[in-house]
2 protein chains.
Amino acid sequence: MISENLYKELSVKNEKKIVLLVMDGIGDLPVGGKTPLESAKTPNLDKLVCKSNTGLTYPVSIGITPGSGPAHLSLFGYDPLRYNIGRGVLEALGIDFKMGNKDIATRANFATIDENGIITDRRAGRIPTEKNQEICEFLSSKITQIEDVEVIIRSGKEHRFVVIFRGNDLSDYVTDTDPQQEGLKPKKCKALDNKGKKTALIVNRFIEEVSSYLKDFSPVNYPLLRGISRYPDIPSMNDLFRLTPAAIATYPMYKGLARLVGMKILKTGNDISSEFETLKENWNAFDFFYVHIKKTDSYGEDGNFEKKVSVIEEVDKYIPFVLDLKPDCFVVTGDHSTPCKMKSHSWHPNPFLLYSTFGRKDPAISFSELECSKGILGNFEAVNSMALMLAHTLKLKKYGA
Amino acid sequence: MISENLYKELSVKNEKKIVLLVMDGIGDLPVGGKTPLESAKTPNLDKLVCKSNTGLTYPVSIGITPGSGPAHLSLFGYDPLRYNIGRGVLEALGIDFKMGNKDIATRANFATIDENGIITDRRAGRIPTEKNQEICEFLSSKITQIEDVEVIIRSGKEHRFVVIFRGNDLSDYVTDTDPQQEGLKPKKCKALDNKGKKTALIVNRFIEEVSSYLKDFSPVNYPLLRGISRYPDIPSMNDLFRLTPAAIATYPMYKGLARLVGMKILKTGNDISSEFETLKENWNAFDFFYVHIKKTDSYGEDGNFEKKVSVIEEVDKYIPFVLDLKPDCFVVTGDHSTPCKMKSHSWHPNPFLLYSTFGRKDPAISFSELECSKGILGNFEAVNSMALMLAHTLKLKKYGA
């Protein structure tokens, strides 16, 4: 992996354009002998593979199953072990909340405790989202500030909500209050160093106030907080790579991750066709496009093999559309594997395809896990993808004389 | 490679079981066109390969020939460059001496010096082991303590012996006395920092005393000491990986290496069949089994190609026996290569096979250096094997949200 300083030293601006097409959770395991990629009819991807260089990428490290945050940061060229984004920040990104540098975000649950203060249900029976919204509106009308810290409460799905504490001298060096286990009492928020003291005080006051207001919302009667975290201080893709990047994604979390590294978030519709239309419409204004396809992952999580296949086949139809735009470098890959038979993210490496005029001959003849494993790029850590994309668009100067 | 902190953060205990079968020095070079693995009839391993994921592992790093210590630590998931076990400690492990944390171990040679104090033979003509034992018994009766430090002398093979210094305030930050070259004088042991001063003093006093007692043991008349080292402070496999590990090995050094990382050493017989019986007998009590086959390495060191082949064929017969136990993850590999034509350890990577229900399709069709080089795991550092084994038994949580 190249250091950030080396990227800054070597990267140059030019007119060449990169498209990074991420099919979320695309990697899979065979079911009845074939993976979704092997079952899908993908004539366009297969034709592209024959002109591309291929390999398999590890999102974080061999054997590690990544969350969406590290899996994406890695593809964007950022060390996923260095920039570990807190759960609170990811939740804020996921509801499209734009965090500033005085903000501390926390993931929260509406929970149920009994008369002895013991947690009986960490999710308060997974209350309907509408009830969650009602409670959050009520709490927002009651709690707007604690001492000099502004408090922002936003509802999520079911029992989930997000709290933003905005003010001076806040820190994320504090502990969770959610013990992540039922049958225990919620914990107090504790400072892990002197700087965390003010935040711990505000968080504990917040919990007291919320619980006092929750009398009439049974089964909800207590908040549990975790992943209390600051928006990370991360250099932009323009700073590091001299890119003018844009993101085309339909889900808030991926837009949030893209915004985090300084991408412009392009307005697009909810379907795959709109995403590719958006790419075309904005072709002249940017030199790096991240296009995110969510549904491959969603169907993997559902264990729905056929639907995952059908999303792959739909994406395949747009490959000629992208090629017509004449990208100088076109990468098709996943952020991580989501095998249908596991119904969850996994550690298995991702098929990776890179098309450019500077490619070598490659033995892969179709876009699949097995074919890409034969590719000349070999197995490598996904964080190196950025260096490859920059190299294939001549955006990296020679190192040394 | 994953950091120890990340392992601690992500690893979880579950019921799934791992078998790590290490055929010592298994990797080889072709002789007459075939390696021992290619010459051996291994129908069971070949059948297993067709259901497994394969690759080649570097014990330490490309081009590096490892000793048994680093080669094994690496397979156990420990950075072999961080935990460099001293020669003295390895020799102590090799004679089954259980070191404590007040012990400093040193590898020693019985040597010959001339009237001017010049070393004429670093091995005193490789005296017979019986003579070595006689000298060590005599020395042990004469030297039991120097100042407040207990001295323990143990014989090894031919000219080799081990000395343990046991006491307070000892350090291994001292130099060797063996110049590892004939025609020179033995060196004084020197402290490399203030903490080493006491140890250097004791070591030099020890050498004086020993040499004064060696008058009647010609050609032995002087001890040479090297690898003065402390038992390493290494976290256990239970601390790092939440495993309850057991080791099945016939040679003391491998038992010692396993004990070093907190494995329980199971009593077993001297032949391969006993080792697998021991595996079966202890199946319920542990979730990680390290099974060590020594003879592949021994015959490699002897340059005995046919015998190496026959050991591989014998091990092959027990593969169905292991599979009948229904391991959730079964790895077959080597710790390093010991090519018959080199009669020594080498740097060549090891064939590696991982069988689990979460495997992908893999092109390898038999268990050999060449076939494993086609495998979807690619070439990787052996230290990552542990992450793979933990991943394939769902013993690692997701990293990041």
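Residues numbered from 1 in each chain as written. Chains lettered and ligands numbered in written order. Predicted model: local features only at pLDDT ≥ 70, side-chain atom pairs only at ≥ 80, totals over all residues.

J.: Explain the sheet that holds strand 11 (residues 288–293) of chain B here, please?
T.: Working definition: the strands of a sheet are paired by backbone hydrogen bonds and lie parallel or antiparallel to each other. Residue and element names in this part refer to chain B. The strand order across the open sheet formed by eight strands is 10-9-11-1-12-13-2-14, and the pairing between neighbours is mixed. At either margin of the open sheet sits one strand with a lone partner, and together these are strand 10 (264–265) and strand 14 (378–381). Relative to strand 13 (residues 350–356), strand 2 (residues 53–58) runs antiparallel, the two sharing five bridges. Bridge pairing in strand 13 places Leu-56 opposite Pro-351. Against the sheet, helix 15 (residues 385–392) contacts strand 1 (18–23), strand 2, strand 12 (329–333) and strand 13, and its axis sits at roughly 155° relative to strand 12. (Pairing = 2+ DSSP bridges. Helix = DSSP H or I, 4+ residues; strand = E, 2+ residues; numbered from the N terminus. Contact = placed C-beta atoms within 7 Å. Axes fitted to C-alpha atoms, helices over the stretch in contact; angles between N-to-C directions.)

J.: Explain helix 6 (residues 129–142) of chain A here, please?
T.: Note that an α-helix has 3.6 residues per turn; residues three or four places apart therefore point the same way. Residues and elements named next belong to chain A. Helix length check: helix 6 (14 residues) gives 20 Å between terminal C-alpha atoms against 20 Å at 1.5 Å per residue, within 8%. Within the span of helix 6, buried status applies to Asn-132, Ile-135 and Leu-139. Within helix 6, the buried residues cover an arc of 65° as seen down the axis, which keeps them to one side. Facing away from the buried surface of helix 6 by more than 90 degrees, the exposed residues are Glu-130, Glu-137 and Ser-141. (Expected span 1.5 Å × (residues − 1). Buried ≥ 20, exposed ≤ 12 C-beta atoms within 10 Å, placed from the backbone. Arc of directions from axis to C-beta.)

J.: Would you take a moment to explain the domain arrangement of chain A for this structure?
T.: How large an interface is tends to be reported as the accessible area lost when its parts come together. All names here are of chain A. Split into domains, chain A comes out as domain 1 (4–85 + 234–392) and domain 2 (89–230). Summarising the inter-unit geometry, the C-alpha centres of domain 1 and domain 2 are found 34 Å apart. Each side of the interface is counted separately: domain 1 has seven residues, and domain 2 has six residues. Top element by residues in the side of domain 1 that touches domain 2 is helix 9 (residues 252–260). It accounts for five residues. Taken together, the residues of the side of domain 1 that touches domain 2 break down into four nonpolar, two polar and one charged. (Domains from an automatic or database assignment. Nonpolar A, V, L, I, M, F, W, Y, C, P; charged D, E, K, R; others polar.)

J.: Just to check I follow, could you spell out the relation of the copies chain B and chain A for this structure?
T.: What connects the two chain copies is a rotation about an axis and a shift along it. For these two chains of identical sequence, chain B goes onto chain A by a turn of 125° and a shift of 0.2 Å along the axis, with RMSD 0.3 Å. In the structure described here, the two chain copies are related by an operation that fits a three-fold rotation axis. Closest to the rotation axis within chain B is the C-alpha of Gly-378 of chain B, separated from it by 3.9 Å. Looking at the interface residues of chain B, only 6% of them are also at the interface in chain A, so each copy uses its own face. (Least-squares fit on C-alpha atoms with pLDDT ≥ 70 in both.)

J.: For this particular structure, what's the right way to read the pairing of strand 8 (residues 222–230) of chain B?
T.: One face of the sheet, then the other: side chains in a regular strand alternate in exactly this way. Residues and elements named next belong to chain B. Within strand 8, eight of the nine residues are buried, which leaves the element mostly enclosed by the surrounding structure. Of the strand pairs in this sheet, strand 3 (residues 103–113) and strand 8 are connected by seven bridges, and their pairing is antiparallel. Directly across from Ala-105, in strand 8, lies its bridge partner Ser-229.

J.: In this structure, what is going on with the pairing of strand 2 of chain B? I would like to understand it.
T.: All names here are of chain B. Taking burial as the measure, the six residues of strand 2 include six buried ones, the bulk of the element. In this sheet, strand 14 lies alongside strand 2 in parallel orientation, the contact comprising four bridges. Considered in strand 14, the bridge of Tyr-58 is made with Glu-381.

J.: Can you help me understand the nonpolar core in this one?
T.: Side chains of nonpolar character tend, in soluble globular proteins, to be buried together. If you look at the biggest cluster of nonpolar residues, it comprises 235 residues, and the most contacted ones within it are Leu-20 and Leu-353 of chain A together with Leu-20 and Leu-353 of chain B. Beyond its immediate chain neighbours, meaning those up to four positions away, Leu-20 of chain B contacts Leu-75, Phe-289, Tyr-290, Val-331 and Met-389 of chain B. (Core = buried A, V, L, I, M, F, W, Y, C linked by C-beta atoms within 7 Å.)

J.: Teacher, can you tell me more about the interface of chain B and chain A here?
T.: Between chain B and chain A, the contact holds 17 residues from the first and 24 residues from the second. When contributions to the side of chain B that touches chain A are tallied by element, the ones reaching two or more residues are strand 14 and helix 15 of chain B. Looking at the side of chain B that touches chain A element by element, the count peaks at four residues for helix 15 of chain B. In terms of residue class, the side of chain B that touches chain A is made up of eleven nonpolar, three polar and three charged.

J.: In this structure, what is going on with the sheet that holds strand 12 (residues 329–333) of chain A? I would like to understand it.
T.: Residues and elements named next belong to chain A. The eight strands lie next to each other as 10-9-11-1-12-13-2-14, forming an open sheet whose pairing is mixed. Either end of the sheet is taken by a strand with one partner, and the two such strands are strand 10 (264–265) and strand 14 (378–381). Pairing between strand 9 (residues 245–248) and strand 11 (residues 288–293): four bridges, direction parallel. Pairing of Ala-246 across the sheet is with Phe-289, part of strand 11.

J.: So what exactly am I meant to see when it comes to the environment of Cys-136 of chain B here?
T.: Residues and elements named next belong to chain B. Summarising the element assignment, Cys-136 is placed in helix 6 (residues 129–142). Overall, Cys-136 belongs to the partly exposed group, with 19 C-beta atoms counted inside 10 Å. Between the alpha carbons of Cys-136 and Asn-284 there is a distance of 43 Å; along the sequence they are 148 residues apart. Contact partners of Cys-136, with chain neighbours within four places excluded, come to Ile-153, Arg-154, Ser-155 and Phe-161.

J.: What am I meant to see in the packing of helix 11 (residues 295–302) of chain B against helix 12 (residues 305–317) of chain B here?
T.: Describing two packed helices takes the angle between their axes plus the distance from one axis to the other. Residue and element names in this part refer to chain B. Their axes nearest at 8 Å, the elements helix 11 and helix 12 cross at an angle of 170°. As summarised for this structure, helix 11 and helix 12 are arranged roughly antiparallel, according to the angle between their axes. Between helix 11, through Lys-295, Thr-296, Tyr-299 and Gly-300, and helix 12, the contact on the second element is made entirely by Lys-307, Lys-308, Val-311 and Ile-312. Its residues placed into classes, the contact of helix 11 with helix 12 shows three nonpolar, two polar and three charged. (Parallel < 35°, antiparallel > 145°, perpendicular 65-115°, else oblique.)

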